[in-house]
Amino acid sequence: LIGATTENPSFEVITPLLSRCQVFVLKSLEVEDLKVLLDRALTEDEYLRTLDIKLNETEALFRQSGGDARKLLNILEIVVSSQTNDEDNGPIIIDNKLVTDCLQENIAIYDKGGEMHYDIISAFIKSVRGSDPNAAVYWMARMLDGGEDPLFIARRLCILAAEDVGLANPNALLLANTCFDAVNKIGWPESRIILSQTVTYLASSAKSNAAVAAIDAAQNLVRQTGDLPVPLYLRNAPTQ
């Protein structure tokens, strides 16, 4: 499929095949599956099996992994690395508190390049759009704790203010733009309060998509009708 374009003859051959492609939905792993993966890592990994690792509690491991095998192994690596050094060869006792403490210092589960990154952003946007301030603030907290740039969120709020709140509350765009400026000036961590205020305001506001609907319709008309002449009564008239 790579390289196939409308100008490429292979496009006509590939297009019918696309309609017959199957879509596979990857679901989160169950706890039993995660247990198998964890046991396999501890007993078969060339490095981990040389360590004296005792699992007193696994609930935090499984919960923080979100049913993702990669994240489970990443978290395990973070926890083990935090407990190993050249001077201490004693047992590594893993419990819920240790996992939580390690992740608070090493936020590596947001996965900026992965699917969860975009899923959380989508959940955040849909929560604001769906007028659910509690959910919107929660998903924003997930982004912030995952290391997201606060300015990215502030930019996204400017778009939401125009695209989703729009003419139902024109002040929303003014507040969102002020939020962006304030976040840029103040910095982290105080900027999280400004973001929270703006997110709550936008999520609680009435919604109108008239602005985006209008420009979409106008651009579609331009594409359909082309460069029509400007009517005489609307033209610039520097002379009689």
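Keep in mind that what you see is a predicted model, and the values were worked out from it rather than measured. (Residues numbered from 1 in each chain as written. Predicted model: local features only at pLDDT ≥ 70, side-chain atom pairs only at ≥ 80, totals over all residues. Heavy atoms only, no water.)

Asks: Would you mind going over a nonpolar patch on the surface in detail, with residue names and values included?
Replies: On the surface, V230, Y233 and L234 cluster together into a nonpolar patch covering about 370 Å² of accessible area. In this structure V230 comes out as partly exposed when scored by relative accessible area, which is 45%. (Patch = residues over 30% accessible without salt bridge, like charges linked within 9 Å, V, L, I, M, F, W, Y side chains within 5 Å. Areas by Shrake-Rupley, 256 points an atom, 1.4 Å probe, with all protein chains shown as cover. Salt bridge = Lys/Arg side-chain N within 4 Å of Asp/Glu carboxyl O. Buried < 20%, exposed > 50% of the residue type's maximum accessible area, 1.4 Å probe, protein only.)

Asks: Outline the state of the cysteines, listing residues and values.
Replies: Scanning the model with the defined rule gives zero disulfides in all. With no disulfide of its own, C158 has C179 as its nearest cysteine by sulfur position, at a separation of 7.1 Å. (Disulfide = S-S within 2.5 Å.)

Asks: Could you give an account of the pattern of salt bridges, naming the residues involved and the relevant values?
Replies: Enumeration over the complete set of coordinates arrives at eight salt bridges. Linking E32 and K35 is a salt bridge whose minimum nitrogen-to-oxygen distance equals 3.5 Å. Taken together, the residues span about one helical turn, with E32 and K35 both in helix α2 (residues 31-44) at a distance of three residues. Judged by relative accessible area, which is 53%, E32 ranks as exposed. Since its relative accessible area comes to 41%, K35 is described here as partly exposed. (Helix = DSSP H or I, 4+ residues; strand = E, 2+ residues; numbered from the N terminus.)

Asks: Residue-level account of the packing of aromatic side chains, with values.
Replies: What the rule picks out here adds up to one aromatic pair. Where Y138 meets W139, the ring centres are 4.8 Å apart and the plane angle is 70 degrees; that geometry is what we call edge-to-face. Taking relative accessible area as the criterion, W139 reaches 23% and is therefore assigned partly exposed. (Phe/Tyr/Trp six-rings, centres within 6.5 Å; stacked < 30°, edge-to-face > 60°.)

Asks: Please provide a residue-by-residue account of the nonpolar core, values included.
Replies: In this structure, F124, M140, I153, L157 and L195 are the most contacted members of the largest nonpolar core, which totals 25 residues. No other element matches the eight residues that helix α8 (residues 150-165) contributes to this core. Within the second largest apolar cluster, 21 residues are counted, among which are I53, L76, L98 and C102. (Core = buried A, V, L, I, M, F, W, Y, C linked by side-chain atoms within 4.5 Å.)

Asks: Explain the packing of α8 against helix α10 (residues 191-204) to me, using residue names and the numbers behind them.
Replies: Their axes nearest at 11 Å, the elements α8 and α10 cross at an angle of 15 degrees. In terms of orientation, α8 and α10 fall into the roughly parallel class. By crossing handedness, the relation of α8 to α10 is classed as left-handed. Contacts from P150, I153, A154, L157, A161 and V165 in α8 reach S191, L195, T198, V199 and L202 in α10. (Axes fitted to C-alpha atoms, helices over the stretch in contact; angles between N-to-C directions. Parallel < 35°, antiparallel > 145°, perpendicular 65-115°, else oblique. Left-handed = near helix turned anticlockwise from the far one by under 90°. Contact = heavy atoms within 4.5 Å.)

Asks: Mind laying out the environment of A136, listing which residues take part and the relevant values?
Replies: By the element assignment, A136 lies in helix α7 (residues 133-145). Each C-alpha atom, one on A136 and one on T200, is 7.5 Å from the other, the two residues being 64 residues apart in sequence. When residues no more than four places from it in sequence are discounted, the contact partners of A136 are F124, S127, V128, V199 and A203.

Asks: Describe in detail the environment of C158, supporting the description with residues and values.
Replies: Structurally, C158 is set in helix α8. A C-alpha to C-alpha distance of 9.8 Å links C158 and L202, two positions 44 residues apart in sequence. Among all residues touching C158, those that are not within four sequence positions of it are L173, A176, N177 and F180.

Asks: Describe α7, naming the residues involved and giving the relevant values.
Replies: Because an α-helix completes one turn every 3.6 residues, residues spaced three or four positions apart along the sequence face the same direction. For α7, built from 13 residues, the straight-helix expectation of 18 Å at 1.5 Å per residue is met to within 8% by its first-to-last C-alpha distance of 18 Å. Listing the buried residues of α7 in full gives A135, A136, M140, M143 and L144. Following α7 by one or two positions, G147 adopts a phi angle in the positive range, close to 95 degrees. (Expected span 1.5 Å × (residues − 1).)

Asks: I'd like to hear about α2, residue by residue, with values.
Replies: Compared with the 20 Å implied by 1.5 Å per residue over 14 residues, the 20 Å span of α2 between its first and last C-alpha is a close match. Where α2 is concerned, the buried positions are L34, L38, A41 and L42. Each buried residue of α2 lies within a common arc of 90 degrees when the element is viewed along its axis, so the set occupies one face. Counted as exposed and oriented over 90 degrees from the buried face of α2: E32 and E44. Structurally, α2 contributes buried residues whose contacts are with β1 (53-55), α3 (59-65) and α4 (69-83). (Arc of directions from axis to C-beta.)

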